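Examining the three-dimensional arrangement
This is what each chain is made of:
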Amino acid sequence: MGERPLLNRLLDALRCLPGVGPKSAQRMALHLLERDREGGRRLARILAEAMERIGHCSRCRTLSESRICALCGNPRRDASQLCVVETPADVVAMEQAIDYSGLYYVLGGRLSPLDGIGPQDIGLDGLEQRLAEAQVEELILATNPTVEGEATAHFIGRIAKDRGVRVTRIAHGVPLGGELEYMDGGTLSHAFAWRTEL
Amino acid sequence: MERKRGLQRGFVLHARPYSNTSLLLELLSAEEGRCPAVARGAKGRRSTQSGLLRPFQPLLLELTGRGEVATVARVEPGGRPLSLIGEAGYCGLYVNELMMRLLGRGDPQADLFALYEEVLTRLSVEPERGLLLRRFELEMLKILGYALVLDHDVSSGEPVRADRRYAYLVEQGPVEVLEAARSPQVVSGATLLALRNDADPGVAGRVEARRLMRAVLDHHLGGRPLKSRELFRPRRAGSIEPETSTISDHLDDE
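Residues numbered from 1 in each chain as written. Chains lettered and ligands numbered in written order. Predicted model: local features only at pLDDT ≥ 70, side-chain atom pairs only at ≥ 80, totals over all residues. Heavy atoms only, no water.

Along the backbone of chain A there are 8 helices and 6 strands. Principal axes of the C-alpha set define a box for chain A whose edges measure 65 × 45 × 35 Å. Out of the 198 residues in chain A, the part that is buried amounts to 34%. At a minimum sequence separation of 6, the contacts of chain A that also span at least 24 residues come to 48%. Taken as a whole, chain A presents about 12600 Å² of accessible surface, with 55% of it coming from carbon and sulfur. The positive charge centre, built from 24 side chains, and the negative charge centre, built from 27, are 7 Å apart in chain A. (Helix = DSSP H or I, 4+ residues; strand = E, 2+ residues; numbered from the N terminus. Buried < 20%, exposed > 50% of the residue type's maximum accessible area, 1.4 Å probe, protein only. Contact = heavy atoms within 4.5 Å. Areas by Shrake-Rupley, 256 points an atom, 1.4 Å probe, with all protein chains shown as cover. Lys, Arg positive; Asp, Glu negative; His and termini not counted. Charge placed at Lys NZ, Arg CZ, Asp CG, Glu CD.)

Moving on: the interface of chain B and chain A. Taken together, the contact pairs 30 residues of chain B with 31 residues of chain A. Linking chain B to chain A there are 2 salt bridges. We note a salt bridge from K227(B) to D121(A), for which the minimum N-O separation is 3.4 Å. Taken together, the connections running from chain B to chain A amount to 4 residue pairs in polar contact (both at pLDDT 80 or more). When residues of the side of chain B that touches chain A are traced back to their parent elements, those giving at least two are β1 (8-18) and α1 (87-102) of chain B. (Salt bridge = Lys/Arg side-chain N within 4 Å of Asp/Glu carboxyl O. Polar contact = N/O pair within 3.5 Å; in protein donor to acceptor, adjacent residues only side chain to side chain.)

By size, the foremost hydrophobic cluster in this structure holds 70 residues, and its most contacted members are L139(A), M99(B) and M140(B). Looking at this core, the element that brings in the most residues is α1(B), giving 10 residues. In terms of domain composition, this core takes at least three residues from each of domain 1 (8-77) and domain 2 (150-229) of chain B. L27(B), A37(B), L52(B) and L61(B) belong to the second-largest nonpolar core, a separate cluster that totals 16 residues. (Core = buried A, V, L, I, M, F, W, Y, C linked by side-chain atoms within 4.5 Å. Domains from an automatic or database assignment.)

With that settled, the discussion passes to the sheet that holds strand β6 (residues 166-169) of chain A. Residue and element names in this part refer to chain A. Strand order across the open sheet formed by 4 strands is β4-β3-β5-β6, with parallel pairing between neighbours. Edge positions in the sheet fall to β4 (102-106) and β6, since each has one partner strand and no second. Taken over all neighbouring pairs, the strand axes of this sheet differ in orientation by 25° on average, direction set aside. Bridge count between strand β3 (residues 78-85) and β4: 5 bridges; the pairing is parallel. Paired with V85 across the bridge in β4 is V106. (Pairing = 2+ DSSP bridges. Axes fitted to C-alpha atoms, helices over the stretch in contact; angles between N-to-C directions.)

Residue and element names in this part refer to chain A. In this structure, the second largest pocket encloses a volume near 410 Å³. Lining the second largest pocket are 15 residues, with L10, L32, G40, L43 and A44 sitting closest to its centre. Within the residue set of the lining of the second largest pocket, elements represented by two or more residues are α1 (6-14), α2 (22-34) and α3 (37-53). With 6 residues, the single largest contributor to the lining of the second largest pocket is α3. Grouping the amino acids of the lining of the second largest pocket by side-chain chemistry returns 11 nonpolar, 1 polar and 3 charged. (1 Å grid on protein atoms, 1.4 Å probe; cavity = no way out; pocket = protein on both sides within 12 Å on 5 of 7 lines; lining within 4 Å. Points joined across faces, edges and corners; volume = space filled by probe spheres on them. Nonpolar A, V, L, I, M, F, W, Y, C, P; charged D, E, K, R; others polar.)

Let's shift gears to unusual backbone geometry. Residue and element names in this part refer to chain A. You will see that R61, though not glycine, has its phi angle at about 70°, which is positive. Turning to its location among the elements, R61 is positioned in the loop between β1 (55-56) and β2 (63-64). Overall, the relative accessible area of 32% leaves R61 in the partly exposed class.

All names here are of chain B. Taken residue by residue, chain B gives an average pLDDT of 85. The fraction at 70 or more is 88%. Across residues 237-249, confidence stays below pLDDT 50; counting only partners more than four residues off in sequence or on other chains, it has 21 contacts. Scoring of the predicted complex yields 0.86 for pTM and 0.82 for ipTM. (pLDDT = per-residue confidence, 0-100.)

The subject of this paragraph is the pairing of strand β4 (residues 59-64) of chain B. All names here are of chain B. Where β1 lies against β4, 3 bridges are found, and the strand directions are antiparallel. Note that in β4 the partner of G10 across the bridge is L59. The sheet contact formed by β4 and strand β5 (residues 70-77) spans 6 bridges and is antiparallel. Its bridge partner being in β5, L61 is matched across the sheet by V75. Turn length for the β4-β5 hairpin, with the two strands adjacent in sequence and antiparallel, is 5 residues, and the turn residue G65 shows positive phi of about 105°.

Given below as structure tokens:
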């Protein structure tokens, strides 16, 4: 039996993208073949290159082409603050939204025992090494406010406190533009418990 | 399988993302027991469900769908969220993992649902979490049909005496041994009686009780250990300070 038609293989391959089902895969493939072959070639080249050359920063473990990412290599960033996040996407979100001049550390996951992810399975060794370098004065825990994210924050918080590092947790509560009436009880009770002085 | 219309009480044991905006849940419901369910669109930007569909939040759920995997048609809070913070959160995850591992799907047990609700509520307010977990483990095993014999020596039939020591044979019960014999499975009569009477066995007794329950659970878990136990363990020997007694009292290794 010969190989399956190339077009079918392309459709299947496109479906590895998030949110792409059979219908959108077909639209993308036909668009590239019928209207934009050059764009398709460029996409293929860059995709191949990116898959080979983009790795993880050896200091913060975010995605990076070089061994040390641009953020970690920037001498103007404040090494006394270290912000712990779950994924590289969180670094991007934080960088876009806030004026933070410290450094990051990407765990690459969170403690989730029911998914079989324990303390050995996320990047705690690298984080401990960073804490041991003694530059860090404040560790900012920015894991997600899920049950697993909270457990992760608590676990890391204990490690850092034992090393005498100040530990803070990002606030969570009522979203801007939200209305209390429609808020779920968990968010509301958290927002109330952690209210701040005006 | 036809599902009943209307709201039923339940909890999320575990949630994981499914496709772009949905959640794949493992629920514990009062009427259906443990059952998998999909909550469509629950992770979307506009959804208010993602704050609700999380562990330790009492829920009122309407489930639809004929197959094994239900669809969450409606969800409302069934009470205040139980605030399990820090170590209490670890304990909650441990309880959830035990439920996932020991309770089969589609086996509704009203007693177990009540027990689960009780242990979560008490974990959120009581500081003696080690004892709460031991009681939960014992009661859970009893409901599932693996009740432990704690009151008599299974070889002689004599009542357990507080001043004697016993080897605990899993799936059988205690057998008296000489005072000198020491192994993880050897416990004092006092500890067995304290477990039976839901009393505090004291500091040394708690360690014994924990080891005993751990050996029994490991047997029923069939060799694959519980992942949430790792949360209670110190990171590496010597890398952090000695554990406080409240932590080591729960379930970690010596």
